[in-house]
Protein chains: 2
Amino acid sequence: MNRTEIRLSGFGGQGIILAGYILGKAAALYDHKHATMTQNYGPESRGGACSAQVIVADAPVSYPHLTAPQVVVAMSQEAYTKYAGELAEGGLLVIDQDLVHLNGDVHHVQARVASIPATRIAEQMGRRMIANIVMLGCLAALDHTVSAEALRQAVRVSVPKGTEDLNLKAFERGYEHGQKLLQPVPGSSPGSSESRG
Amino acid sequence: MNRTEIRLSGFGGQGIILAGYILGKAAALYDHKHATMTQNYGPESRGGACSAQVIVADAPVSYPHLTAPQVVVAMSQEAYTKYAGELAEGGLLVIDQDLVHLNGDVHHVQARVASIPATRIAEQMGRRMIANIVMLGCLAALDHTVSAEALRQAVRVSVPKGTEDLNLKAFERGYEHGQKLLQPVPGSSPGSSESRG
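Everything numeric in this text was worked out from a predicted model, so none of it was measured.

*Asks:* Looking at this model, I keep getting lost on unusual backbone geometry. Mind explaining?
*Replies:* With glycine set apart, most residues show a phi of negative sign, and most peptide bonds adopt trans. Residue and element names in this part refer to chain A. Here the phi dihedral of His32 falls at roughly 60°; this positive angle occurs in a residue that is not glycine. With respect to the secondary-structure elements, His32 resides in the loop between helix H1 (16-30) and strand S2 (34-41). For His32, a relative accessible area of 57% gives the class exposed.

*Asks:* Help me understand the packing of H1(A) against helix H5 (residues 148-158) of chain A, please; the structure alone is not making it clear to me.
*Replies:* Residues and elements named next belong to chain A. Interhelical geometry of H1 versus H5 gives an angle of 120° and a closest axis separation of 8 Å. Looking at the two axes, H1 sits oblique to H5. Relative to H5, H1 is oriented so that their crossing is right-handed. Two secondary-structure elements touch here, H1 through Leu18, Tyr21, Ile22, Leu23, Lys25, Ala26 and Tyr30 and H5 through Ala150, Leu151, Gln153, Ala154, Val155, Val157 and Ser158. Class assignment for the residues of the contact of H1 with H5 results in 11 nonpolar, 2 polar and 1 charged.

*Asks:* For this particular structure, what's the right way to read the relation of the copies chain A and chain B?
*Replies:* Put simply, the second copy of the chain is the first one after a rotation about an axis and a shift along it. Note on the identical chains: chain A maps onto chain B by a rotation of 180° and an axial translation of 0.0 Å, with an RMSD of 0.0 Å. Taken together, the rotation angle and the small translation identify this as a two-fold axis. Relative to the rotation axis, the closest C-alpha in chain A is found at A:Thr38, a distance of 2.0 Å. Of all interface residues in chain A, 100% are interface residues in chain B too; the two copies therefore contact each other through one and the same surface.

*Asks:* Can you walk me through the sheet that holds strand S1 (residues 3-11) of chain B in this structure?
*Replies:* Strands in a sheet are paired, the pairing made by backbone hydrogen bonds, and the direction either parallel or antiparallel. Reading across the sheet, the 12 strands line up as S6(A)-S5(A)-S4(A)-S1(A)-S3(A)-S2(A)-S2(B)-S3(B)-S1(B)-S4(B)-S5(B)-S6(B) and stay open at both edges, with mixed pairing between neighbours. Of all strands in the sheet, those bounded by a partner on one side alone are strand S6 (112-116) of chain A together with strand S6 (112-116) of chain B. Averaged over neighbouring strand pairs, the angle between their axes works out to 15° when direction is ignored. Pairing between S1(B) and strand S4 (residues 71-74) of chain B: 4 bridges, direction parallel.

*Asks:* Help me understand the packing of aromatic side chains in this model?
*Replies:* Between two aromatic rings, the relevant description is the distance of the centres plus the angle of the planes. The tally for this structure, following the rule as stated, stands at 5 aromatic pairs over all chains. Note on A:Tyr41 and B:Tyr21: the rings are 6.2 Å apart at their centroids and 55° apart in plane angle, and the pair reads as tilted. Placement of A:Tyr41 in strand S2 and of B:Tyr21 in helix H1 (residues 16-30) is noted, with the two residues assigned to different chains. A residue is classified by how much of its surface remains accessible, and A:Tyr41, at 5% relative accessible area, is buried. Taking NZ or CZ as reference, A:Arg152 lies 5.2 Å from the ring centre of A:Tyr175, over its face.

About the criteria used
- Residues numbered from 1 in each chain as written.
- Chains lettered and ligands numbered in written order.
- Predicted model: local features only at pLDDT ≥ 70, side-chain atom pairs only at ≥ 80, totals over all residues.
- Heavy atoms only, no water.
- Helix = DSSP H or I, 4+ residues; strand = E, 2+ residues; numbered from the N terminus.
- Buried < 20%, exposed > 50% of the residue type's maximum accessible area, 1.4 Å probe, protein only.
- Axes fitted to C-alpha atoms, helices over the stretch in contact; angles between N-to-C directions.
- Parallel < 35°, antiparallel > 145°, perpendicular 65-115°, else oblique.
- Left-handed = near helix turned anticlockwise from the far one by under 90°.
- Contact = heavy atoms within 4.5 Å.
- Nonpolar A, V, L, I, M, F, W, Y, C, P; charged D, E, K, R; others polar.
- Least-squares fit on C-alpha atoms with pLDDT ≥ 70 in both.
- Pairing = 2+ DSSP bridges.
- Phe/Tyr/Trp six-rings, centres within 6.5 Å; stacked < 30°, edge-to-face > 60°.
- Lys NZ or Arg CZ within 6 Å of the ring centre and 35° of its normal.

Shown next as structure tokens:
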């Protein structure tokens, strides 16, 4: 059975849970796969770290617990510190480059690292709160567990009424950034961007 | 560690996921416990069985998989058939009595069974879609994993703007029904209502 584990993480208010919800919905409704989304409540629901665990599979997911995610998205330093280490070897780490400062640990698992100024892009578009959708767009370019087209459809039906177009634009901005990261950069491995660290 | 597993189930469109979300939020934000909520996507997101798994604990929940839930709420026959058998011994099964016809299987685990016409009550209140909140109210009376007061607060901040009062009334209707079920009935054990089966 094909099974992909994805962790989206950040802090409360960034729309991490909505992003996870959209990812699961896109996988199931539009890509016709199976998916689960688990959200953790606790101190994080009062403003600290926030995480959504999404599992996408060919068959029903009876075990929604992440063991070694193939993808970790980190939109805060705390989330990065907490979750980057769990990445599967060869996995993909996507960070908000203005919010996360890389340290050396992640190289232990030979992860591919992609960075995107998702929050800055969202701010330039006038709505900081769409950074989560920028991030989803970037993820769609870099990882094909869930198709970009399914994600666009899920974004359209999941965001607040009246914000569909803005969110879809945010998705495309992230997607374009992600595609650029796939271009080989001299002195860098494919799929990686330069880190600030 | 205290850990309670709760399964809410029914069919798509009944607000099962929202009910699970509210339950987890109430536990964490207002009762200051830890919680996870897992939703399954798959064929069920296209209209079949729908389930939310909520785990409430004293400490962070690292393993969000249900093993033997202490509480199962079933709002459809399919959900009942699928999930009643997993109840822990001595657990609590709450059914929508107009939508679920009991069979003998559940007695194998000596569950307490409570029935409430949640959907009928919601229809009498003019909004079928608040049956999920009627059900949460009933659950609050019968099981104290999450306090009724925390649930009221979580309902208030989680339902669509403008529907808060209606939803809180729905909660109280369910709560009152649940309290009545706790009264000893001649020929019935406490906490049980007569089944239709």
